[in-house]
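Close look at the chain arrangement
Chain by chain, the residues:
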Amino acid sequence: MKILTIGLGYIGLPTAVMFANYGQEVIGVDVKKEVVASLQNGRVHLEEPGLQTALSEAIRLGNFKAQTNVENADTFIVAVPTPNKKDQYMSCDLTYVISAVNSLIPYLQKGNTVIIESTIAPRTTNDIIMPMIEEAGFKVGQDIFLVHCPERVLPGQILNELRTNNRIIGGVTPACVEAGKKVYGIFVEGELITSSATAAELSKLMENTYRDVNIALANELVKVGYELDIDSLEVIEMANKHPRVNIHQPGPGVGGHCLAVDPYFIIAEAPEQTPLIQQARAINTSMPNFVVDKINNIMSKNNGKKVTILGVAYKGNVDDIRESPALKIIDQLKQENNYEVSVFDPHVKQDWIEDNLDHAVENSDLLVVLTDHNEFKIIDRDALKTMKHRWILDTKNIIQPDTDMTLLNLGNISKRTMING
Ligand code: SAJ
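All figures in this text were calculated on a predicted structure; none of them were measured in a lab. (Residues numbered from 1 in each chain as written. Predicted model: local features only at pLDDT ≥ 70, side-chain atom pairs only at ≥ 80, totals over all residues. Heavy atoms only, no water.)

With that settled, the discussion passes to the site of the ligand. If you check the shell around the ligand, you find 19 residues, and the closest are Val153, Lys204, Asn208, Arg211 and Tyr314. Taking asparagine 208, its side chain carries an N or O atom lying 2.6 Å from an oxygen atom of the ligand. In the environment of the ligand, an oxygen atom lies 2.9 Å from a nitrogen or oxygen atom belonging to the side chain of lysine 315. For the ligand, the accessible surface in isolation is 760 Å², of which the surrounding protein chains cover 87%. Residue composition of the shell around the ligand, by class: eight nonpolar, four polar and seven charged. (Near = heavy atom within 4 Å. Polar contact = N/O pair within 3.5 Å; in protein donor to acceptor, adjacent residues only side chain to side chain. Areas by Shrake-Rupley, 256 points an atom, 1.4 Å probe, with all protein chains shown as cover. Nonpolar A, V, L, I, M, F, W, Y, C, P; charged D, E, K, R; others polar.)

What follows deals with the sheet that holds strand S13 (residues 406-409). Read across the sheet, five strands follow the order S10-S9-S11-S12-S13 without closing on themselves; strand pairing throughout is parallel. Looking along the sheet, the strands with just one partner apiece sit at the ends: strand S10 (340-344) and S13. The average undirected angle you get between the axes of adjacent strands in this sheet is 20°. Pairing between strand S12 (residues 391-394) and S13: four bridges, direction parallel. Bridge pairing in S13 places tryptophan 391 opposite threonine 406. Across the sheet, helix H12 (residues 325-335) touches strand S9 (306-310) and S10, and the angle it forms with S10 is around 155°. (Pairing = 2+ DSSP bridges. Helix = DSSP H or I, 4+ residues; strand = E, 2+ residues; numbered from the N terminus. Axes fitted to C-alpha atoms, helices over the stretch in contact; angles between N-to-C directions. Contact = heavy atoms within 4.5 Å.)

Within the open sheet, the eight strands sit side by side as S3-S2-S1-S4-S5-S6-S7-S8. Their pairing is mixed. Two strands bound the open sheet, and with one partner strand each, they are strand S3 (64-67) and strand S8 (192-196). Geometrically, the sheet is characterised by an average inter-axis angle of 25° between neighbouring strands, direction not taken into account. In the sheet, strand S2 (residues 25-29) pairs with S3 via four bridges, with the strands oriented parallel. Its bridge partner being in S3, isoleucine 27 is matched across the sheet by lysine 65. The strands that helix H5 (residues 124-135) touches are strand S5 (113-116) and strand S6 (145-148); relative to S6, the one it contacts most, it runs at about 150°. The strands that helix H7 (residues 174-184) touches are strand S4 (75-78), S5, S6, strand S7 (167-171) and S8; relative to S7, the one it contacts most, it runs at about 145°.

Interface size is commonly expressed as the accessible surface area that is lost when the partners come together. Domain boundaries assigned for the protein chain yield domain 1 (2-190) and domain 2 (286-420). Here the C-alpha centre of domain 2 lies 38 Å away from the C-alpha centre of domain 1. Domain 1 puts six residues into the contact, and the matching count from domain 2 is eight residues. Here the residues of the side of domain 1 that touches domain 2 sort into four nonpolar, one polar and one charged. (Domains from an automatic or database assignment.)

See the structure below:
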């Protein structure tokens, strides 16, 4: 099968490479010339374990080619970003999806399959994409098979999860479902769950919304514990020993290009029906402020001037900073609170991020852990000797206590200790 993927980002590239390594002829298309150039030189442009090796293998097999232009294929896969619009409910911005579909329409031939992997608002496949294809003179379900197959892989585990996870095949018609199954059947070892495009769209969005709402519950619990002087982390650990309870982990907020984005796609389509989802978003979005507030408390106790941030990535062991709450926290500390802020993240390469821990902590009054990178779990205590005040606020609860340091986390901070302690 000849497969053309449009969008060579976190999802499109691993998917393309996977098909190539399973013997398919794959053309990867991206509008970004530098991305295409890097792939043509055999280099991946993003951090994902195993992806470089997989790409090298695909190229060695002669099955993968990157380019900027679309051409004929049997199957087209659209995996482009769908950000939030800047409107009232932050609805789903389909600009890139529409432009990708427009770019492939001139190359469509009867019998082709078109798959949308991008996360989209409910009803997009039926109400927006199908009419585009039909206006070009094709009958969906007869000439062209249109499917929504949301990706559900976890960054950091993408190659493994692409193969082993269940996959939703949401066809516009039963024939479309069959066409989608043929494509993913090539490498998916998990169940191919057959469904309609509309249910597939909403299922994907609800999976991430479920997580967002549950994290909001944990974050709200942190605020309750702070107010009442009760260790919320201890409460979570205990409550989760109940066989039917799974309170998620609190943190400095929710980042990434899924949980912080997808719930709005539902909200925008049904604002009256979604007070809970909206409230959860508001709670998670309030966490950076909550953390900055606590940093201020600690800094004023120490008459501190310099804060060192450990971790900018939105979660551990990835280089992705999209929607990361750390960005908001760093910005507030610098702009509104005028602290000297140094930032260390061994995974993220930017000119404002230190790559030397010793330098980042020198003369610092407070270390704030915002990402659960493995490196931070085993941090060398000697490296922290040059701190001015040896305080840590660990928002991810990964640092081991040490008699030499004052260690605060989202469980043991409380109004009482902040004011009196
Ligand atoms: N987080 C918490 N507490 C938790 C769990 C996560 O604060 O208990 C935070 C993380 O620190 C991070 C954010 O939530 O800032 C999101 O992290 P995540 O690991 O929950 O999710 P993503 O965005 O990396 O990936 C999710 C996954 N969805 C689900 O687990 C339901 C993944 O399977 C999806 O493929 C992906 O979204 C996507 O593309 O939609």
